Amino acid sequence: MKILDVKVTVWEWNGIPPVSYSASIQGVERSTHMALLKIITDTGIEGHAFIGSALYSIGKDAQVIIDRYKPSLVGRNPLDRERIWQSLSKNALGWSPMRLIGGIDIALWDIAGKAAGVPIHQLMGGYRTSVPAYASSAVLPSPEAYAEEALKYKELGWTAYKIHPPSIPTTDIRICQVVRDAVGDDFRLMLDATWSYNYADAVSVGRVAEDLGFYWYEDPLPYDDINGYMKLKQALKIPIAATELPATGPTAYAPWILNQATDYLRGDPAIKGGLTSCLKTAHTAETFHMNYEVHHGGNSLTNVANMHLIMAIRNCEYFEVLLPDSAQKHGLVVDIEVDKYGMIHAPTGSGLGVEIDFDLIEHNKVMEL
Ligand SMILES: [Mg+2]
């Protein structure tokens, strides 16, 4: 099999509600430019990926795919995913290359699954076909708003809820208390502080989350403060979940593991350079008896890729559903749905195994490269 062509369709996603997930990003109503990547082979099989999210437009990266990556893909065997990933990711660092390599790698896995006639998760080594989901909040206006949302998902049958607070320590503590009071002790809660505290605040908020029985404490300190995390892990009993950022490949996790600076590793194919890269990290984590908790993928098709990854590994407990749906679900005919037991189920079709809404993309097309 050979790659004949690489195409990018950019489309506009309109009417995204004002939404924010951390203190550093302010929510305003917006539109964004998304990219549909198509890798076309000589067998007629096409691999697909979405690149971009509600908050991070594809922008000039659409042209970068054509200028920088297409020449090194055309003519290659798309089944040589490892060889392609090694050559593209060599010395690649940072957000832009990582998300482009991530999209290319997802599309190559899509081709491989379609060629083999199996879903990607089986190609990776199927481990399970369903997994629990957790609802992951945006920043909400009051502690009561978080409590109401957590209760809503609990009543829908979901089993866990993660708080993205406004990152003001006293307010964040109050939110944790109000939500725990509302949902009771038998419902899992997590706190994601999105890299916003200093060490003292990270300890005091973390102690409250620990006393309230929170399940994990995500990214309290700046993402490069490995020494701070080493100290924090000694000071707290609650599991720490760091490493969602920065955008890097698998080798960047080594010091976190060796210095015991976090309990769980995190990543997703859009930030960490694709499924190939995430699978390496997840398997590495497993050898250290660590979980690799997959971060949401930023768009609907990358979330499908996430789902395949999670179905293929043992050491990830949850699928993250970032709220609200209106800022996260776009571009598929039928998106991932959580059932009344709080579970998601693996697609059975080959490759990514979901139907892309090509009509919607065509209707909102901005350019084709
Ligand atoms: Mg997070």
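Residues numbered from 1 in each chain as written. Predicted model: local features only at pLDDT ≥ 70, side-chain atom pairs only at ≥ 80, totals over all residues.

**Here's the deal with the overall build of the protein**
Regarding its fold elements, the protein presents 13 helices and 13 strands. Radius of gyration (C-alpha) of the protein: 20 Å, near the 21 Å computed for a compact globule of 369 residues. The proportion of buried residues among the 369 residues of the protein is 50%. Counting contacts in the protein only where the partners sit at least 6 residues apart, residues at least 24 apart contribute 74% of the total. (Helix = DSSP H or I, 4+ residues; strand = E, 2+ residues; numbered from the N terminus. Rg over C-alpha atoms; globule rule 2.2 N^0.38 Å. Buried ≥ 20, exposed ≤ 12 C-beta atoms within 10 Å, placed from the backbone. Contact = placed C-beta atoms within 7 Å.)

**So, the pairing of strand S4 (residues 130-136)**
The sheet contact formed by S4 and strand S12 (residues 343-345) spans three bridges and is antiparallel. Paired with serine 130 across the bridge in S12 is histidine 345. Pairing geometry for S4 and strand S11 (residues 319-322), over four bridges, is parallel. Paired with alanine 133 across the strands is phenylalanine 319, a residue of S11. One ladder, built from two bridges, connects S4 with strand S5 (residues 160-163); its direction is parallel. The residue bridging serine 136 from the neighbouring strand is lysine 162, located in S5. In this view, the connection linking S4 to its parallel neighbour S5 by way of helix H5 (residues 143-155) has right-handed handedness. (Pairing = 2+ DSSP bridges. Right-handed = clockwise from strand over helix to strand, strands pointing away.)

**Thoughts on the nonpolar core**
Judged by nonpolar contacts, the single largest core of 111 residues is most densely connected at Ala35, Leu37, Phe214 and Leu309. When residues in this core are grouped by element, the largest group, 10 residues, is from helix H3 (residues 95-116). When residues are assigned to domains, this core turns out to be shared by domain 1 (3-117 + 355-368) and domain 2 (122-345), each giving three or more. Discounting chain neighbours no more than four positions away, the residues touching phenylalanine 214 are Cys176, Leu189, Met190, Leu191, Ala209 and Ile238. (Core = buried A, V, L, I, M, F, W, Y, C linked by C-beta atoms within 7 Å. Domains from an automatic or database assignment.)

**Quick word on unusual backbone geometry**
Note the cis peptide between leucine 245 and proline 246, where omega equals 0°. Relative to the elements of secondary structure, proline 246 occurs in the loop between strand S8 (240-241) and helix H9 (254-258). Backbone torsion omega between leucine 323 and proline 324 reads -5°, so that peptide bond is classified as cis. Non-glycine residue glutamine 260 carries a positive phi angle of around 50°. The topology assignment puts glutamine 260 in the loop between H9 and strand S9 (265-267). We classify glutamine 260 as partly exposed; it has 13 C-beta atoms within 10 Å. Notably, histidine 289 is not glycine yet its phi reads approximately 55°, a positive angle.

**Some remarks on the domain arrangement of the protein**
Parsing the protein into structural domains produces domain 1 (3-117 + 355-368) and domain 2 (122-345). Distance from the C-alpha centre of domain 1 to the C-alpha centre of domain 2: 24 Å. Counting residues at the interface gives 37 residues for domain 1 and 35 residues for domain 2. For the side of domain 1 that touches domain 2, the elements supplying multiple residues, two or more each, are strand S1 (3-16), strand S3 (46-51), helix H2 (81-89), H3 and helix H13 (358-363). Here the side of domain 1 that touches domain 2 gets 11 residues from one element, more than from any other, and that element is H3. Class assignment for the residues of the side of domain 1 that touches domain 2 results in 22 nonpolar, nine polar and six charged. (Nonpolar A, V, L, I, M, F, W, Y, C, P; charged D, E, K, R; others polar.)

**A word on the environment of tyrosine 264**
Mapped onto the fold, tyrosine 264 is located in the loop between H9 and S9. Sequence separation between tyrosine 264 and tyrosine 217 is 47 residues, and the spatial gap between their C-alpha atoms is 9.9 Å. Those residues in contact with tyrosine 264 that lie beyond four places of it in its chain are Trp216, Pro239, Ala241, Met290, Asn291 and Glu293.

**Overview of the packing of H2 against H3**
Where H2 contacts H3, the axes come no closer than 11 Å and their chain directions differ by 175°. Comparing their axes, H3 and H2 come out roughly antiparallel. On the side of H2, the interface is formed by Arg81, Ile84, Trp85, Leu88 and Ser89, while H3 contributes Ile101, Ile104, Asp105, Leu108, Trp109 and Ala112. Classifying every residue of the contact of H2 with H3 gives eight nonpolar, one polar and two charged. (Axes fitted to C-alpha atoms, helices over the stretch in contact; angles between N-to-C directions. Parallel < 35°, antiparallel > 145°, perpendicular 65-115°, else oblique.)

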